Number of protein chains: 2
Amino acid sequence: MFKALGDPTRLRIFTFLQAQCYPIAVETETGAVSPLSGPTVGEVCCHVTGDPVVTSTVSFHLKELRQAGLITTERSGRHMICGVNPDAAGRLIAFLNDGPAERKTNDDCCN
Amino acid sequence: MFKALGDPTRLRIFTFLQAQCYPIAVETETGAVSPLSGPTVGEVCCHVTGDPVVTSTVSFHLKELRQAGLITTERSGRHMICGVNPDAAGRLIAFLNDGPAERKTNDDCCN
DNA sequence: TAATTGTTTCTATATGTATAGAAATAACGA
DNA sequence: TCGTTATTTCTATACATATAGAAACAATTA
């Protein structure tokens with residue numbers, strides 16, 4: 001995950017998706033939960049390059065983010081809808097927090 | 001910061017430092033705060049390579065972590081004492097959290 | 001079915017970066 | 001001052017990866 005977010009283009013995409021489509025379940029009139037909606041790949045590309053044409057580079061970065069478990073992509077007709085993985089940020093935060101929790105002694109060191 | 005933690009060796013070093021020397025200010029008998037103490041570079045090296053001899057590779061990774069603001073190094077006699085930067089994890093966590101806070105509309109997209 | 005739109009995979013290339021050995025620097029003790 | 005210990009910087013190399021163009025694939029509409 002850290003490696004995936006280490007690339008500036010991918011971090012840009014991830015924060016864009018966080019802002020655009022952080023998945024908040026919304027109740028509709030019927031009480032159902034609205035489907036996870038967000039930008040298409042074209043819209044992501046648009047934000048990154050300023051041009052709505054989808055480049056192989058953006059597609060590659062989306063794949064990396066998906067494989068790292070940071071985002072999801074889902075086909076909807078002719079489009080692919082992108083969204084952040086709801087527990088991605090939580091997992092990273094947990095990792096950053098539990099350092100001191102699993103604190104060890106210096107006995108582990110070989111000196 | 002994400003890029004620095006993206007390398008497996010550096011993530012190993014960082015979590016080791018988090019576990020070994022997470023900087024908790026400790027009051028001494030005189031009321032003073034104990035100095036930030038932690039492993040030396042040799043001890044870090046030992047944890048990473050199993051050998052207390054300091055390699056240029058570990059030194060390089062420590063420099064990267066330092067330049068990313070994730071750790072601190074401080075000379076103490078012949079040794080360099082390593083420690084995590086106290087607000088490094090906090091800054092990352094804040095970044096991961098404020099995505100939805102700064103949520104924007106789809107109007108930003110050029111389509 | 002053919003054409004069109006949206007997206008991904010393939011292949012190549014250029015840049016970045018992790019690693020390793022050797023030389024250099026810094027602090028301490030004899 | 002000289003040698004020893006601890007660590008960093010230098011230089012080169014091998015590997016990883018971001019990028020780009022072209023071809024392939026998938027779903028929709030005419």
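Residues numbered from 1 in each chain as written. Chains lettered and ligands numbered in written order. Predicted model: local features only at pLDDT ≥ 70, side-chain atom pairs only at ≥ 80, totals over all residues. Heavy atoms only, no water.

Asker: When you look at the protein's contact with DNA strand C in this model, what are you seeing that I'm missing?
Answerer: The full set close to DNA strand C counts 21 residues, and A:Ser56, A:Ser59, B:Lys3, B:Arg10 and B:His61 are the nearest of them. In DNA strand C, the atoms that sit within 4 Å of the protein are 74% sugar and phosphate, with bases accounting for the remainder. In this structure, B:Arg10 approaches DNA strand C through a side-chain N or O atom, which is 3.0 Å from a phosphate oxygen. Contact distances for DNA strand C include 3.0 Å between a base oxygen and a side-chain N or O atom of B:Ser56. (Near = heavy atom within 4 Å. Polar contact = N/O pair within 3.5 Å; in protein donor to acceptor, adjacent residues only side chain to side chain.)

Asker: How should the protein's contact with DNA strand D be read in this particular structure?
Answerer: A:Lys3, A:His61, A:Gly77, B:Ser56 and B:Ser59 are the nearest of the 21 residues found near DNA strand D. Within 4 Å of the protein, the atoms of DNA strand D are drawn from sugar and phosphate moieties in a proportion of 78%. The contact in question runs from a phosphate oxygen of DNA strand D to an N or O atom on the backbone of B:Gly42, over 3.1 Å. Contact between DNA strand D and B:Ser59: a phosphate oxygen at 3.0 Å from a side-chain N or O atom of the residue. Those elements that place two or more of their residues in the surface near DNA strand D are helix H2 (8–21) and helix H4 (56–67) of chain A together with helix H3 (41–49), helix H4 (56–67) and strand E2 (79–84) of chain B. A per-element tally of the surface near DNA strand D places H4(A) first, with four residues. (Helix = DSSP H or I, 4+ residues; strand = E, 2+ residues; numbered from the N terminus.)

Asker: Explain the packing of aromatic side chains to me, please; I cannot follow it from the model alone.
Answerer: Ring pairs (aromatic) are described by centroid distance and by the angle formed between their planes. Scanning all chains against the criterion turns up three aromatic pairs over all chains. Between B:Phe2 and B:Phe95, the ring centres sit 5.9 Å apart and the planes meet at 65°, which makes this aromatic pair edge-to-face. Taken together, the residues B:Phe2 in helix H1 (residues 2–6) and B:Phe95 in helix H5 (residues 88–101) connect sequence positions 93 residues apart. Feature note: the residues A:Phe2, A:Phe95, B:Phe2 and B:Phe95 constitute an aromatic cluster, connected by ring pairs. (Phe/Tyr/Trp six-rings, centres within 6.5 Å; stacked < 30°, edge-to-face > 60°.)

Asker: Before we go on, may I ask you to explain the nonpolar core in this structure?
Answerer: The nonpolar side chains of a soluble globular protein tend to be buried with one another. Within the largest apolar cluster, 45 residues are counted, with the highest numbers of intra-cluster contacts made by A:Leu70, B:Val44 and B:Leu70. Look past the residues within four positions of A:Leu70 in its chain and what remains in contact with it is A:Met1, A:Ala4, A:Leu5, A:Phe14, A:Leu65, A:Val84, A:Asn85, A:Ala88 and A:Leu92. (Core = buried A, V, L, I, M, F, W, Y, C linked by side-chain atoms within 4.5 Å. Buried < 20%, exposed > 50% of the residue type's maximum accessible area, 1.4 Å probe, protein only. Contact = heavy atoms within 4.5 Å.)

Asker: Help me out: how do you make sense of the side chain of B:Arg10 in this one?
Answerer: Residues and elements named next belong to chain B. In this structure, Arg10 sits in helix H2 (residues 8–21). Glu64 provides the closest opposite charge to the buried, unpaired Arg10, separated from it by 4.3 Å. Residue contacts for Arg10: discarding those within four places in its chain leaves Lys3, Ala4, Phe60, His61, Glu64 and Leu65. (Lys, Arg positive; Asp, Glu negative; His and termini not counted. Salt bridge = Lys/Arg side-chain N within 4 Å of Asp/Glu carboxyl O.)

Asker: Help me understand the pairing of strand E1 (residues 71–76) of chain B, please; the structure alone is not making it clear to me.
Answerer: The side chains of a regular strand alternate, residue by residue, between the two faces of the sheet. Residues and elements named next belong to chain B. Across six bridges, E1 lies against E2 in antiparallel orientation. When the bridges of E2 are listed, Ile71 appears paired with Val84. The turn linking E1 back onto E2 is made up of two residues, and Gly77 within it adopts a positive phi angle of 65°. (Pairing = 2+ DSSP bridges.)

Asker: Could you clarify how one ought to interpret helix H3 (residues 41–49) of chain A in this entry?
Answerer: Working note: α-helix, 3.6 residues per turn, so residues spaced by three or four point in the same direction. For H3(A), the full list of buried residues reads A:Val41, A:Gly42, A:Glu43, A:Val44, A:Cys45 and A:Cys46. Remark: A:Gly50 follows H3(A) within two positions and exhibits a positive phi of approximately 80°.

Asker: What should I look at first to understand the confidence of the model for chain A in this one?
Answerer: Any segment with low pLDDT has predicted coordinates that should not be analysed in fine detail. All names here are of chain A. For chain A, the mean per-residue pLDDT works out to 81, and 74% of the residues sit at or above 70. When the elements of chain A are averaged for pLDDT, helix H5 (residues 88–101) gives the smallest value, 82, and helix H1 (residues 2–6) the largest, 97. Counting contacts from residues 22–28, a segment whose pLDDT is below 50, to residues more than four positions away or on other chains yields 15 contacts. The low-confidence segment residues 100–111 (pLDDT under 50) makes 21 contacts with residues lying over four places distant or belonging to another chain. (pLDDT = per-residue confidence, 0-100.)

Asker: What is the right way to look at the environment of A:Glu74 in this model?
Answerer: Residues and elements named next belong to chain A. On the secondary structure map, Glu74 appears in strand E1 (residues 71–76). Through-space distance from the C-alpha of Glu74 to that of Thr40 is 9.4 Å; in sequence the pair is 34 residues apart. If near-sequence neighbours (up to four positions away) are discounted, Glu74 is found in contact with His79, Met80 and Ile81.

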